[in-house]
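Observations on chain architecture
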Amino acid sequence: MDEGKATVRLKEPPVDICLSKANSSSLKSFLSAVRLAHRGCDIEVPLSTFTPVKTSEFEKFKTKMVITSKKDYPLSKNFPYSLEHLQTSYCGLVRFDTRMLCLRNLRKLDLSHNHIKKLPATVGDLIHLQELNLNDNHLESFSVALCQSTLQTSLRSLDLSKNKIKALPVQFCQLRELTDLKLDDNELIRFPFKMGQLTKLRFLSAARNKLPFLPSEFKNLSLEYLDLFGNTFEQPEVLPLIMLQTPLTLLESSAQAVLCNRIPYGSHIIPFHLCQDLDTAKTCVCGRFCLNSFIQGTTTMNLHSVAHTVVLVDNMGGTEAPVISYFCSLACYVNSCDLLK
């Protein structure tokens, strides 16, 4: 206050009023009056005469902050509540700073080049977040809670490159607003098998992972750019894996009925492990569902069939990758022309 500066934080609406270049004594009198009014007391403090303020004298809310070194990272003060774009790269962060959860207007968050190992589920409370960059951290997973948060309707771009992620949960495919997804330089051994549900995805990069094959629903994608270079794709199996059950178990029949008829389910209705079974049910090429009774086969797919621009998958100039498919019956398997070829 001695420098003529102060911040008044309103709870409702959640706005910070930043005062500067004020007369020190007048500012102290004003804040004293505000404090008394807030307590419901009568105000007897004399205030100075109001002077009209020009629009040009208001400072614009700060909407962007870029921090690229540890020494510049704010430890003793909060981030401006008005931020829409926050970048804190090369700051040595080992965990997510929960003060960022107060940034309700945040649309772009860049936490790249740090040492973060885990993201809290509360990141999903950033209801306007459209771009999330976690490139070059120490993440080992992307939680189910995040996949089922408000990020489902807000998140457009996600960069998880250069982490230690081995697999993404099947619920990851509920982030259906995603248009850009970067997964390069991880330890991925598989894609979520419902990958085809990401119908708005246009840019997918997952180079230098450990993918042996692609899920069958990968064929449903419609991409502009695809990079799967440097994965450990396996040669398609000549013989299929047959896991058919005759007759079908009660579990298999019930699961098919629930999924085919789109009957709502949840852990508040049936046991959690049954929910997991339903969430991970395989889809036959005919559209039917199967849990434990199926035939598994592998074919090759030219990646140009799902993407306009394709980066070669190897140094030999190849653009084909193995795709794993499931069949609910022998009839579906026989009728699959692609597999017979």
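Residues numbered from 1 in each chain as written. Predicted model: local features only at pLDDT ≥ 70, side-chain atom pairs only at ≥ 80, totals over all residues. Heavy atoms only, no water.

1. A closer look at unusual backbone geometry
As a rule of thumb, non-glycine residues mostly have phi less than zero, and peptide bonds are mostly trans rather than cis. Note the cis peptide between Glu-12 and Pro-13, where omega equals -5°. Geometrically, the link from Thr-246 to Pro-247 is a cis peptide bond, its omega value of -5° lying close to zero. Within the element layout of this structure, Pro-247 appears in the loop between β12 (241-242) and α4 (250-260). Unusually for a residue other than glycine, Lys-162 sits at a positive phi of about 55°. When you line up the elements, Lys-162 lands in the loop between β7 (157-159) and β8 (180-182). For Lys-162, a relative accessible area of 43% translates into the label partly exposed. Here Arg-262, not a glycine, exhibits a phi torsion of approximately 50°, which is positive. (Helix = DSSP H or I, 4+ residues; strand = E, 2+ residues; numbered from the N terminus. Buried < 20%, exposed > 50% of the residue type's maximum accessible area, 1.4 Å probe, protein only.)

2. Some details on helix α1 (residues 24-38)
Between its terminal C-alpha atoms α1 stretches 21 Å, which fits the 21 Å expected from 15 residues at 1.5 Å a residue. Looking only at α1, the buried set comprises Leu-27, Leu-31 and Ala-33. One face of α1 carries all of its buried residues, which in axial projection span an arc of 155°. Lining the buried residues of α1 we find β1 (6-10) and β2 (15-19). Looking one or two residues beyond α1, the residue adopting positive phi is Gly-40, at roughly 85°. (Expected span 1.5 Å × (residues − 1). Arc of directions from axis to C-beta. Contact = heavy atoms within 4.5 Å.)

3. Thoughts on the pairing of strand β15 (residues 295-302)
In this sheet, β15 lies alongside β12 in antiparallel orientation, the contact comprising two bridges. Bridging across to β15, Leu-241 finds its partner in Gln-296. In terms of strand pairing, β15 meets strand β17 (residues 320-327) through eight bridges, oriented antiparallel. By the bridge assignment, Met-301 is partnered in β17 with Ala-321. (Pairing = 2+ DSSP bridges.)

4. Focus on the pattern of salt bridges
Scanning the entire structure with this criterion turns up six salt bridges. For Lys-71, the salt bridge is made with Asp-72, and the minimal N-O distance between the two is 3.5 Å. In this structure Lys-71 comes out as exposed when scored by relative accessible area, which is 73%. Looking at Asp-72, the relative accessible area reads 44%, which means it is partly exposed. Arg-208 serves as the salt-bridge partner of Asp-185, at 2.8 Å between the closest nitrogen and oxygen. Here the residue Asp-185 occupies a position in the loop between β8 and β9 (203-205), and Arg-208 occupies one in the loop between β9 and β10 (214-215), the gap between them amounting to 23 residues. Relative accessible area serves as the criterion here: at 41%, Arg-208 is assigned to the partly exposed category. (Salt bridge = Lys/Arg side-chain N within 4 Å of Asp/Glu carboxyl O.)

5. As for the domain arrangement of the protein chain
Along its sequence, the protein chain is carved into domain 1 (1-30), domain 2 (64-187) and domain 3 (241-339). Summarising the inter-unit geometry, the C-alpha centres of domain 1 and domain 2 are found 33 Å apart. (Domains from an automatic or database assignment.)

6. Notes on the side chain of Ser-69
Take Ser-69: it is sitting in the loop between β3 (64-67) and β4 (85-88). For Ser-69, the contacting residues outside a window of four places in its chain are Ser-89, Tyr-90 and Cys-91.

7. Focus: a nonpolar patch on the surface
Taken together, the side chains of Leu-10, Val-15, Ile-17 and Phe-61 define a hydrophobic patch exposed on the protein surface, amounting to about 330 Å² of accessible area. Following the sequence through the fold, Leu-10 ends up in strand β1. Judged by relative accessible area, Leu-10 falls into the partly exposed class, the value being 34%. (Patch = residues over 30% accessible without salt bridge, like charges linked within 9 Å, V, L, I, M, F, W, Y side chains within 5 Å. Areas by Shrake-Rupley, 256 points an atom, 1.4 Å probe, with all protein chains shown as cover.)

8. Quick notes on the sheet that holds β12
Sheet architecture is open: four strands sit in the order β10-β17-β15-β12, paired in mixed fashion. Of all the strands in the sheet, just β10 and β12 have a single pairing partner and so form its edges.

9. Thoughts on the pairing of β3
The two faces of β3 differ: Met-65 and Ile-67 on one face are buried, but Lys-64 and Val-66 on the other face are not. Pairing between β3 and β4: four bridges, direction parallel. What sits directly across from Lys-64, in β4, is His-85.

10. Quick notes on the packing of aromatic side chains
The description of two aromatic rings rests on the distance between their centres and on the angle between their planes. The final tally for this structure, using the stated rule, is six aromatic pairs. Centroid distance Phe-294 to Tyr-326: 5.4 Å. Interplanar angle 85°. Geometry classified as edge-to-face. Of the two residues, Phe-294 is situated in the loop between β14 (289-290) and β15 and Tyr-326 in strand β17; the sequence distance between them amounts to 32 residues. The burial state of Phe-294 is the same as that of Tyr-326; both residues are buried. With a centroid separation of 5.6 Å and 75° between ring planes, the pair formed by Phe-327 and Tyr-333 is classed as edge-to-face. On the basis of relative accessible area, Phe-327 is assigned to the buried category, the value being 1%. For Tyr-333, a relative accessible area of 18% puts it in the buried group. For Arg-9, the ring lying beneath its charged end belongs to Tyr-81, and the centroid distance is 4.0 Å. (Phe/Tyr/Trp six-rings, centres within 6.5 Å; stacked < 30°, edge-to-face > 60°. Lys NZ or Arg CZ within 6 Å of the ring centre and 35° of its normal.)

11. Remarks on the nonpolar core
If you look at the biggest cluster of nonpolar residues, it comprises 60 residues, and the most contacted ones within it are Phe-191, Phe-218 and Leu-228. For this core, the elements supplying multiple residues, two or more each, are β3, α2 (144-147), β11 (223-227), β16 (307-311) and β17. Split by domain, the residues of this core number at least three in each of domain 2 (64-187) and domain 3 (241-339). The residues contacting Phe-191, other than those within four sequence positions of it, are Leu-183, Leu-204, Ala-206, Leu-211, Leu-214, Pro-215, Phe-218 and Leu-228. Residues Ile-295, Phe-327, Cys-328 and Tyr-333 belong to the second largest nonpolar core, which totals six residues. (Core = buried A, V, L, I, M, F, W, Y, C linked by side-chain atoms within 4.5 Å.)

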